[in-house]
Amino acid sequence: MIEDLFADDDSLPRQWREELAPGAVILRGYAGNSAEQLLQNIVSLAAISPFRHLITPGGHRMSVGMTNCGALGWVSDEYGYRYSASDPLTGRCWPPIPDCFRSLAERAAEAAGYAHFSPDACLVNRYVPHARLTLHQDKNERDMTQPIVSVSLGLPAIFLFGGTEREHPCRRFPLVQGDVVVWGGESRLNYHGVLPLKDTLPPWPIREAVRYNLTFRRVMPA
Ligand code: SIN
Ligand code: FE2
């Protein structure tokens, strides 16, 4: 279903809402006006906690580069997937979630029907061409009442969104810079992933041939 979010207000940019599943929606272009500021903040965050390729418990090096900001950061190593209050690479706290990240995530959650979202973790993913994220559930959070808010920047990608079982059929959704996906409620534990990034340049100027994704979560119950 597609509907105009602000059909009655010509002063706002036209933004479109696309339902993926009950409780899951793409807010097309929602972060478009903030993209440049978000990208600048990613550069500053990476200067404190650099992108790194985590190792899965099975011993595979993830193709997506990752870093975090917030009270907690998502990490993986031979012992498993978990949240950590410190960056294992630097031994220090993760940098705080920048105000522009937080306000965008909270507004997007509200626009998607989830009032009072208050993230304590933001995973920053960096995809170069061919990098991918295999089908998975976001299930390391203790608080499952709050949604996931996921912001796309840079190169386009194909997002996979399935059901609550790995075997359920997946649908493919192209995501471009500025798109925000929010899923919660009955789709909070739905499987999702990202197909290998295509080695093409988008039709608009971008800083570098990479895709960034900001994934906001509430880990600890408020
Ligand atoms: C994720 O599931 O953590 C990231 C999804 C994306 O990159 O769009
Ligand atoms: Fe995820």
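Below is a short write-up of the structure.

The next subject is the overall build of the protein. Counting its secondary structure elements, the protein contains two helices and 14 strands. In terms of overall size, the protein behaves like a compact globule, its C-alpha atoms giving a radius of gyration of 16 Å where 222 residues would be expected to give roughly 17 Å. Judged by the C-alpha coordinates and their principal axes, the protein covers about 50 × 35 × 35 Å. Counting all 222 residues of the protein, 50% fall into the buried class. When the accessible surface of the protein is split by element, carbon and sulfur atoms take 54% of a total near 10700 Å². Computed over 22 positive and 24 negative side-chain charges, the separation of the two mean positions in the protein equals 7 Å.

Within the first shell, the iron ion (ligand 2) binds the protein through H136 (NE2), D138 (OD) and H192 (NE2), at distances of 2.1 to 2.2 Å. With four donor atoms in place around the iron ion (ligand 2) and angles of 88 to 172° between them, the coordination shape is irregular. Mapped onto the polypeptide sequence, the residues donating to the iron ion (ligand 2) form the spacing pattern H-x1-D-x53-H. Of the two residues, H136 is situated in strand β8 (residues 133-136) and H192 in strand β13 (residues 192-194); the sequence distance between them amounts to 56 residues.

If you trace the four strands from one edge of the open sheet to the other, you get β8-β13-β10-β11, paired in antiparallel fashion. Looking at the sheet topology across the chains shown, the edges are occupied by β8 and β11 (171-175). Here the average twist between neighbouring strands, direction ignored, is 20°. Relative to β11, strand β10 (residues 157-161) runs antiparallel, the two sharing five bridges. Paired with L160 across the bridge in β11 is R172.

The subject of this paragraph is the site of ligand 1. Near ligand 1, the surroundings consist of N125, Y127, L133, H136, S150, F159, H192, V194, R211, N213, T215 and R217. For ligand 1, an oxygen atom lies 3.3 Å from a polar atom in the side chain of N213. The protein chains hide 99% of the 260 Å² of surface that ligand 1 would expose on its own. Put simply, ligand 1 lies in the largest pocket. If you list the elements that add at least two residues to the shell around ligand 1, you get β7 (121-127), β8, β13 and β14 (211-217). Per-element accounting of the shell around ligand 1 gives the leading share, four residues, to β14. Looking at the shell around ligand 1, its residues break down into four nonpolar, six polar and two charged.

What follows deals with helix α2 (residues 99-111). Compared with the 18 Å implied by 1.5 Å per residue over 13 residues, the 18 Å span of α2 between its first and last C-alpha is a close match. The complete set of buried residues in α2 reads C100, F101, L104, A105, A108 and A109. Buried positions in α2, seen along its axis, are confined to an arc of 160° and lie on one side of it. Turned more than 90 degrees off the buried face of α2, the exposed positions are D99 and E110. Backbone geometry just downstream of α2 places G113 in the positive-phi region, at approximately 105°.

What the rule picks out here adds up to one cavity of 30 Å³ or more. L39, G154, Q177, I206, R207, E208, V210 and Y212 are the residues that line the largest cavity. Across the lining of the largest cavity, the residue classes tally to four nonpolar, two polar and two charged.

On to the packing of helix α1 (residues 35-48) against α2. It is at 9 Å that the axes of α1 and α2 come closest, and there the two elements cross at 130°. In terms of orientation, α1 lies oblique with respect to α2. With respect to the hand of their crossing, α1 and α2 are arranged in left-handed fashion. Residues Q37, L38, N41, I42 and L45 of α1 form the contact with α2, whose own contacting residues are C100, F101 and L104. Here the contact of α1 with α2 is built from residues that sort into six nonpolar, two polar and no charged.

About the cut-offs
Residues numbered from 1 in each chain as written. Chains lettered and ligands numbered in written order. Predicted model: local features only at pLDDT ≥ 70, side-chain atom pairs only at ≥ 80, totals over all residues. Heavy atoms only, no water. Helix = DSSP H or I, 4+ residues; strand = E, 2+ residues; numbered from the N terminus. Rg over C-alpha atoms; globule rule 2.2 N^0.38 Å. Buried < 20%, exposed > 50% of the residue type's maximum accessible area, 1.4 Å probe, protein only. Areas by Shrake-Rupley, 256 points an atom, 1.4 Å probe, with all protein chains shown as cover. Lys, Arg positive; Asp, Glu negative; His and termini not counted. Charge placed at Lys NZ, Arg CZ, Asp CG, Glu CD. Donors = N, O, S within 2.8 Å, 3.2 Å for Na, K, Ca; no water. Tetrahedral: all angles 85-135°; square planar, octahedral: opposite > 155°, others 65-115°. Pairing = 2+ DSSP bridges. Axes fitted to C-alpha atoms, helices over the stretch in contact; angles between N-to-C directions. Near = heavy atom within 4 Å. Polar contact = N/O pair within 3.5 Å; in protein donor to acceptor, adjacent residues only side chain to side chain. 1 Å grid on protein atoms, 1.4 Å probe; cavity = no way out; pocket = protein on both sides within 12 Å on 5 of 7 lines; lining within 4 Å. Sits in = over half its atoms within 2 Å of the grid points. Nonpolar A, V, L, I, M, F, W, Y, C, P; charged D, E, K, R; others polar. Expected span 1.5 Å × (residues − 1). Arc of directions from axis to C-beta. Points joined across faces, edges and corners; volume = space filled by probe spheres on them. Parallel < 35°, antiparallel > 145°, perpendicular 65-115°, else oblique. Left-handed = near helix turned anticlockwise from the far one by under 90°. Contact = heavy atoms within 4.5 Å.

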